[in-house]
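Structural overview
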Amino acid sequence: ISTGGPNALREVFKDIDPNMKQPILVVQHMPAGFTEEFAASLDNLCPLKVTEAKDGEQIVNSHVYIAPGGYHMVVEQRALGRFIKLTQDQPRNGHRPSVDMLFESVAAIYKNHALGVIMTGMGKDGAAQLAEMRKQGAWTLGQDQASSIVYGMPKVGFEMGGVQKQVALKEMAGAINQLAREH
């Protein structure tokens, strides 16, 4: 998520199912220094725990992790479980954090046990690797044009075949909750 993202995430997270078992990893294009406070503000309205992700942190269920500004966030599989790895590798699609980096690692590790969501934002970040997630059997959602502040990232994701279903912002939490319950 990018342009228009903070308000869109507030809309989604206020209605997330408090009984959701799965972890949620979020890339919001935001500069360093803002994401910790943003995560804290989301934590005040989301029924799940929301924090800024930390390097080497184990991914646990019922927890939302926000990628820190200036760092790519990827998932690593280790002997004791799945962990967050933060890097300052070169920007991808002009962004760091880049959602393509996250989706690439999710596709490789979670395969068909994942849900990828691409929402409002300029450009194409996330589109290619959302398509890869779908090829691996993951469910994928994209925010629809009418409810997007900028219909860039979801549009390119849809055009590349990565978006399985387009969803209005007001219905996004319900769609995520339903898929989480069913899978």
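Our subject is the structure that appears above.
I will try to describe carefully the structure that is included in this document. Fair warning: this is a prediction, and the values are worked out from it, not measured in the lab.

Conventions and cut-offs
- Residues numbered from 1 in each chain as written.
- Predicted model: local features only at pLDDT ≥ 70, side-chain atom pairs only at ≥ 80, totals over all residues.
- Heavy atoms only, no water.
- Core = buried A, V, L, I, M, F, W, Y, C linked by side-chain atoms within 4.5 Å.
- Buried < 20%, exposed > 50% of the residue type's maximum accessible area, 1.4 Å probe, protein only.
- Helix = DSSP H or I, 4+ residues; strand = E, 2+ residues; numbered from the N terminus.
- Contact = heavy atoms within 4.5 Å.
- Axes fitted to C-alpha atoms, helices over the stretch in contact; angles between N-to-C directions.
- Parallel < 35°, antiparallel > 145°, perpendicular 65-115°, else oblique.
- Left-handed = near helix turned anticlockwise from the far one by under 90°.
- Pairing = 2+ DSSP bridges.

This part is about the nonpolar core. Grouped together as the largest cluster of nonpolar side chains are 28 residues, with contacts concentrated most on Val12, Phe13, Ile16, Ile24, Val64 and Ile66. Among the secondary structure elements, those contributing two or more residues to this core are helix 1 (5-13), strand 1 (24-26), helix 2 (35-43), strand 3 (63-66) and helix 6 (169-182). Take this core: its biggest share by element is 7 residues, from helix 6. If we skip the residues at most four places from it in the chain, Phe13 touches Ile24, Val26, Leu42, Leu45, Cys46, Pro47 and Val64. Ranked by size, the runner-up nonpolar core spans 23 residues in total, among them Ile59, Val106, Met153 and Val163.

A few words on the packing of helix 1 against helix 6. One can describe the packing of helix 1 onto helix 6 by two numbers: an axis separation of 8 Å at closest approach and a directional angle of 45°. The orientation of helix 1 with respect to helix 6, classified from their angle, is oblique. Here helix 1 and helix 6 pass one another in a crossing that is right-handed. For the pair formed by helix 1 and helix 6, the contact residues are Ala8, Glu11 and Val12 on the first element and Leu169, Lys170, Met172, Ala173 and Ile176 on the second.

The next thing to look at is the sheet that holds strand 2 (residues 49-52). Strand order in this open sheet of 3 strands is 1-3-2, and the pairing throughout is parallel. The open sheet is flanked by strand 1 and strand 2, the only strands paired with a single partner. When strand polarity is set aside, the average angle formed by the axes of neighbouring strands in this sheet is 20°. Bridge count between strand 1 and strand 3: 3 bridges; the pairing is parallel. Of the residues in strand 3, the one forming a bridge with Leu25 is Tyr65. Most of the contacts of helix 2 go to strand 2, to which it runs at about 175°, and overall it touches strand 2 and strand 3.

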